[in-house]
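Reading the structure
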Amino acid sequence: MATFLYRLGRFAFRRRHLVTLFWVALLALAGAGAVGAPAAGNSSFSIPGTEAQKAFDLLEERFPGSSADGATARVVFKAPAGEKMTDAGNKKTVQSTVDTLGGGSEVAGVTDPYQGGGVSEDGTVAYASVSYKVSGMELEDSSRDALEGAAEDARDAGLTVEIGGDALQAVPHTGTAEIIGIGVAAVVLVITFGSLLAAGLPLLTAVIGVGIGVAGITALAGALDLGSTTSILASMIGLAVGIDYALFVVSRYRAELAEGRAGEEAAGRAVGTAGSAVVFAGLTVVIALVGLSVVNIPMLTKMGIAAAGTVALAVLIALTLIPALLGYAGRRVRPAGEKSKLLGGGRAAKKPQRPNMGTRWASFVVRRPVAVLLLGVVGLGAAAVPAASLELGLPDDGSQPTSTTQRRAYDLLSEGFGPGFNGPLVVVVDAKSSDDPQAVFKQAADDIKGLDNVVNVSPAQPNKADDTATITVVPDAKPSSVTTEDLVHDIRDTGADIQADTGADVLVTGATAMNIDVSQKLNDALVPYLVLVVGLAFLLLIVVFRSILVPLKAALGFLLSVMAALGAVVAVFQWGWLSGLMGVEETGPIMSMMPIFMVGVVFGLAMDYEVFLVTRMREAYVHGEKPAQAVVTGFKYSARVVTAAAVIMMAVFSGFIGSSDSMVKMIGFGLAVAVLFDAFVVRMAIVPAVLALLGEKAWWLPKWLDRALPNVDVEGEGLRTEGDRKDEDRELVRA
């Protein structure tokens with residue numbers, strides 16, 4: 001591995017024009033594809049294998065033309081103070097609005113609130129439902145404009161009008177905070193390298209990699225049904241790892257220059273050593289992201305594969321484009337320890353060079369391993385406590401900021417019709433195999449009426465064939481409540497009894513039931529996903545480190561950091577701690593895919609720091625140092641760079657906290673906190689403490705397994721010359 005990458009690095013350095021032209025051409029090609037592609041919207045959502053999806057598919061089959069997957073909008077009207085929606089003037093305004101809404105070419109139907117029971121008991125609130133023939137992603141801007149225009153006309157007549165549903169669902173934006181994150185990354189890189197040019201290379205290559213990845217996703221969004229969130233998450237992860245991977249290669253290149261090697265040789269050795277770590281670190285991230293497909297939720301699978309593709313691009317760019325650009329930079333990229341003249345370089349040193357902070361910290365941990373280990377574990381354990389109160393759900397209009405019309409429509413409907421009206425349950429009764437379908441429909445409606453926590457049950461609406469019917473059930477609690485979840489289970493239990501008596505299937509669907517089924521599916525998939533991802537990465541790390549205990553320690557440390565990060569997410573987004581600072585306007589259940597998504601992404605990123613830090617220790621140990629000294633040496637050369645990489649990654653992820661999308665905001669915060677815990681507590685404190693306690697045992701590997709494993713040579717042993725070995729022998733003698 002190291003020898004191949006060494007040759008690749010030298011080739012890229014020497015043939016810099018060809019390599020650079022390739023990446024620029026690829027960026028231009030992806031950009032051209034993105035420009036000609038339609039804008040990404042919200043991808044279709046399906047959850048194969050669940051009852052809600054089965055009922056949804058049955059609706060499409062038995063009720064053709066009903067546009068079950070079409071966009072919907074609820075136009076909510078509220079009368080001025082002292083008036084009612086049944087007053088003649090207000091009624092005329094609403095009916096005029098309904099007539100206007102029904103004229104759109106993409107509109108499938110509009111319900112009149114005065115004919116469909118859409119007026120509240122106190123007469124102050126009414127609503128009209130608009131259904132469309134196409135999904136929200138396919139809805140044309142003209143249809144959205146017509147919807148908003150009709151609402152504005154009603155406002156001009158004196159009514160309060162708000163619009164809920166997915167017809168106006170906007171593409172999320174991340175705000176200026178993302179730019180701030182990149183700015184922080186630039187400052188950290190300048191401080192780390194002491195050179196503007198060296199600092200600019202990781203930023204430039206990361207932006208190129210993310211540009212290619214996001215442009216490719218945009219170009220393929222229509223063909224592959226990729227939503228706008230997919231590109232945001234891909235850019236979030238791709239930008240963070242892209243900067244980090246390039247940072248490690250540039251840092252190692254400068255270290256090789258400091259050893260007196262020429263540019264091409266230094267580039268080859270940097271790619272052969274740090275590049276090997278980049279390859280395996282990238283592989284762990286890709287495994288974790290692609291592994292999300294085991295959940296069998298297409299949207300999550302697409303998000304994971306798209307982000308994995310961006311990570312793979314970051315790895316390839318770090319191995320090829322970075323050495324090519326280093327070839328262009330030449331002597332302007334200075335050896336490690338030297339600063340550019342602009343940043344104070346060239347001045348005479350006033351005092352002897354002291355051991356760096358990484359050396360001093362590692363020496364302290366090696367002397368006090370038990371105290372550091374206990375403090376780190378107890379601290380992360382305390383941070384993880386809120387995770388015990390984790391409640392899962394999927395965001396709806398009730399989690400939107402109060403400034404949005406969707407949220408105001410949600411609140412008006414809750415005020416006029418009760419909180420459960422925003423999450424009605426759709427019960428589908430399939431009586432095709434029954435002798436008396438009408439009797440089955442009536443029995444189902446009557447049995448559901450007798451359940452607790454039910455406000456209203458609509459009469460059964462059969463299809464043309466009279467073999468299938470829908471029943472709308474309004475709960476008495478809000479959609480994301482435990483009470484509503486219990487009601488869904490109660491209806492399904494009742495349906496099982498009806499099936500036993502009549503042979504008819506009774507299925508529950510609707511957005512609320514879908515959310516409940518998604519949460520259950522994700523919970524069921526979490527353990528298999530952990531086994532798959534952690535197991536594969538564990539085997540990979542055994543090959544990298546040629547040790548059993550080091551990969552085991554890495555996996556256990558990851559569990560600590562991810563649980564602590566989940567605890568922080570619960571504290572902010574569910575309990576409301578620091579919610580104002582984070583821009584969280586509405587607390588509530590944690591997004592149901594958050595735990596499994598964090599497990600996947602954080603595991604991959606955690607292994608990044610493990611690989612970069614511990615391979616340097618392994619390299620020192622293989623070259624003859626004692627275990628404790630190898631820990632100190634690893635920190636001497638890697639701690640500063642790993643710290644910079646972690647700060648950069650935190651800055652990039654924190655930038656997405658400013659997103660208008662609650663899911664992106666939550667993921668950005670969760671990943672930023674997870675990197676904080678994992679990099680600075682687990683990898684910088686717990687890892688050296690455990691290695692110091694284990695000593696020689698840390699690097700133990702059964703002889704039979706040592707013979708069976710391939711030698712990937714991450715330490716670059718195959719690159720050492722006879723002169724290198726003599727120099728190392730003299731250093732060991734002095735020590």
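Residues numbered from 1 in each chain as written. Predicted model: local features only at pLDDT ≥ 70, side-chain atom pairs only at ≥ 80, totals over all residues. Heavy atoms only, no water.

Quick notes on the overall build of the chain
When its secondary structure is counted, the chain shows 23 helices and eleven strands. Looking at the chain residue by residue over its 735 residues, the buried ones come to 54%. Of all intrachain contacts in the chain linking residues separated by at least 6 positions in sequence, the fraction that spans at least 24 positions is 79%. Total accessible area computed for the chain in this model is approximately 30900 Å², and 59% of it derives from carbon and sulfur atoms. (Helix = DSSP H or I, 4+ residues; strand = E, 2+ residues; numbered from the N terminus. Buried < 20%, exposed > 50% of the residue type's maximum accessible area, 1.4 Å probe, protein only. Contact = heavy atoms within 4.5 Å. Areas by Shrake-Rupley, 256 points an atom, 1.4 Å probe, with all protein chains shown as cover.)

Considerations on the pattern of salt bridges
Counted by the stated rule, this structure contains 21 salt bridges. The shortest N-O distance in the salt bridge between D706 and R546 comes to 2.8 Å. One end of the pair, D706, is in helix α22 (residues 703-708); the other, R546, is in the loop between α16 (511-545) and α17 (549-574), and 160 residues separate them in sequence. Assessed through its relative accessible area of 36%, D706 is described here as partly exposed. A relative accessible area of 12% places R546 in the buried class. Residues participating in the shared-partner salt-bridge network are R10, R14, E264, E265 and R269. (Salt bridge = Lys/Arg side-chain N within 4 Å of Asp/Glu carboxyl O.)

Re the sheet that holds strand β4 (residues 160-165)
Pairing is antiparallel across the open sheet formed by four strands, whose spatial order is β2-β3-β1-β4. On the outer flanks of this sheet lie β2 (107-110) and β4, each paired with one strand and no other. When the angles between neighbouring strand axes are averaged without regard to direction, this sheet yields 20 degrees. Here β2 pairs with strand β3 (residues 125-132) via three bridges, running antiparallel. When the sheet's bridge partners are listed, V107 is paired in β3 with Y132. This element, helix α5 (residues 141-156), spans β1 (72-78), β3 and β4 of the sheet and lies at about 155 degrees to β4. (Pairing = 2+ DSSP bridges. Axes fitted to C-alpha atoms, helices over the stretch in contact; angles between N-to-C directions.)

Topic: a nonpolar patch on the surface
On the surface, V294, L532, L536 and L539 cluster together into a nonpolar patch covering about 320 Å² of accessible area. Judged by relative accessible area, which is 40%, L536 ranks as partly exposed. (Patch = residues over 30% accessible without salt bridge, like charges linked within 9 Å, V, L, I, M, F, W, Y side chains within 5 Å.)

A short note on the packing of α16 against α17
Where α16 contacts α17, the axes come no closer than 8 Å and their chain directions differ by 140 degrees. Classified by the interaxial angle, the pair formed by α16 and α17 is oblique. The handedness of the crossing between α16 and α17 comes out as right-handed. Contact residues: L530, V534, F538, L541, I542 and F545 in α16; V550, P551, L552, A554, A555, F558 and L559 in α17. Residue composition of the contact of α16 with α17, by class: 13 nonpolar, no polar and no charged. (Parallel < 35°, antiparallel > 145°, perpendicular 65-115°, else oblique. Left-handed = near helix turned anticlockwise from the far one by under 90°. Nonpolar A, V, L, I, M, F, W, Y, C, P; charged D, E, K, R; others polar.)

Observations regarding the packing of aromatic side chains
As enumerated under the stated definition, the model contains eight aromatic pairs in all. Summarising the aromatic geometry, the rings of Y127 and F421 are spaced 5.1 Å apart at their centres and angled 65 degrees between planes, so their arrangement reads as edge-to-face. Of this pair, Y127 sits in strand β3 while F421 is found in the loop between α13 (405-417) and β6 (425-430), placing the two residues 294 residues apart along the sequence. For the pair Y127 and F421, a shared accessibility class is recorded, and that class is buried. The structure contains a cluster of three or more aromatic residues connected by ring pairs, namely Y127, F417 and F421. Above the ring of Y328, the side-chain terminus of R16 is found at 5.9 Å from the ring centroid. Cation over ring: K91 sits above Y114, and NZ or CZ is 5.2 Å from the ring centre. (Phe/Tyr/Trp six-rings, centres within 6.5 Å; stacked < 30°, edge-to-face > 60°. Lys NZ or Arg CZ within 6 Å of the ring centre and 35° of its normal.)

Some points on the environment of S105
Its location among the elements puts S105 in the loop between α4 (88-101) and β2. The exposure class of S105 is exposed, given its relative accessible area of 64%. The spacing of S105 and S142 is 37 residues in sequence and 9.7 Å in space, taken between C-alpha atoms.

Some words on unusual backbone geometry
A positive phi angle, close to 65 degrees, is found at N453, a residue other than glycine. Along the chain, the position of N453 falls in the loop between α14 (437-449) and β7 (454-457). Even without glycine at this site, D466 takes up a positive phi of about 60 degrees. As for its position among the elements, D466 is in the loop between β8 (461-462) and β9 (468-475).

Details of the packing of α17 against helix α21 (residues 662-694)
Where α17 meets α21, the axes come as close as 8 Å, and the angle between the chain directions of the two elements is 145 degrees. Crossing handedness for the pair α17 and α21: right-handed. Its residues placed into classes, the contact of α17 with α21 shows 22 nonpolar, three polar and four charged.

Remarks on α4
Spanning 14 residues, α4 covers 20 Å between terminal C-alpha atoms, matching the ideal 20 Å at 1.5 Å per step. The secondary structure elements touched by the buried residues of α4 are β1, β2, β3 and α5. (Expected span 1.5 Å × (residues − 1).)

Examining α5
Look at α5: 22 Å from first C-alpha to last across 16 residues, which is about the 22 Å you get at 1.5 Å a residue. For α5, the complete set of buried residues consists of S143, R144, L147, A150, A151 and A154. On an axial view of α5, the arc spanned by its buried residues comes to 130 degrees, and they lie on one face. Opposite the packed face of α5, turned more than 90 degrees from it, sit the exposed residues D141, D153 and D156. Contact partners of the buried residues in α5: β1, α4, β3 and β4. (Arc of directions from axis to C-beta.)

A few points about the confidence of the model for the chain
Close reading of the predicted structure is inappropriate where its pLDDT is low. Across the chain, the average pLDDT comes to 83, with 89% of residues at 70 or higher. Between the elements of the chain, mean pLDDT differs from a low of 47, seen in helix α23 (residues 722-734), to a high of 94, seen in helix α12 (residues 369-384). For the stretch residues 725-729, pLDDT sits under 50, and the model shows four contacts to residues farther than four places along the chain or on other chains. (pLDDT = per-residue confidence, 0-100.)

Remarks on the environment of I191
Position of I191 relative to the elements: it lies in helix α6 (residues 177-193). Judged by relative accessible area, I191 falls into the exposed class, the value being 58%.

Describing a negative patch on the surface
Together, D447, D452, D476, E485, D486, D490, D493, D497 and D501 make up a region of like negative charge exposed at the surface. With respect to the secondary-structure elements, E485 resides in helix α15 (residues 482-502). (Lys, Arg positive; Asp, Glu negative; His and termini not counted. Charge placed at Lys NZ, Arg CZ, Asp CG, Glu CD.)

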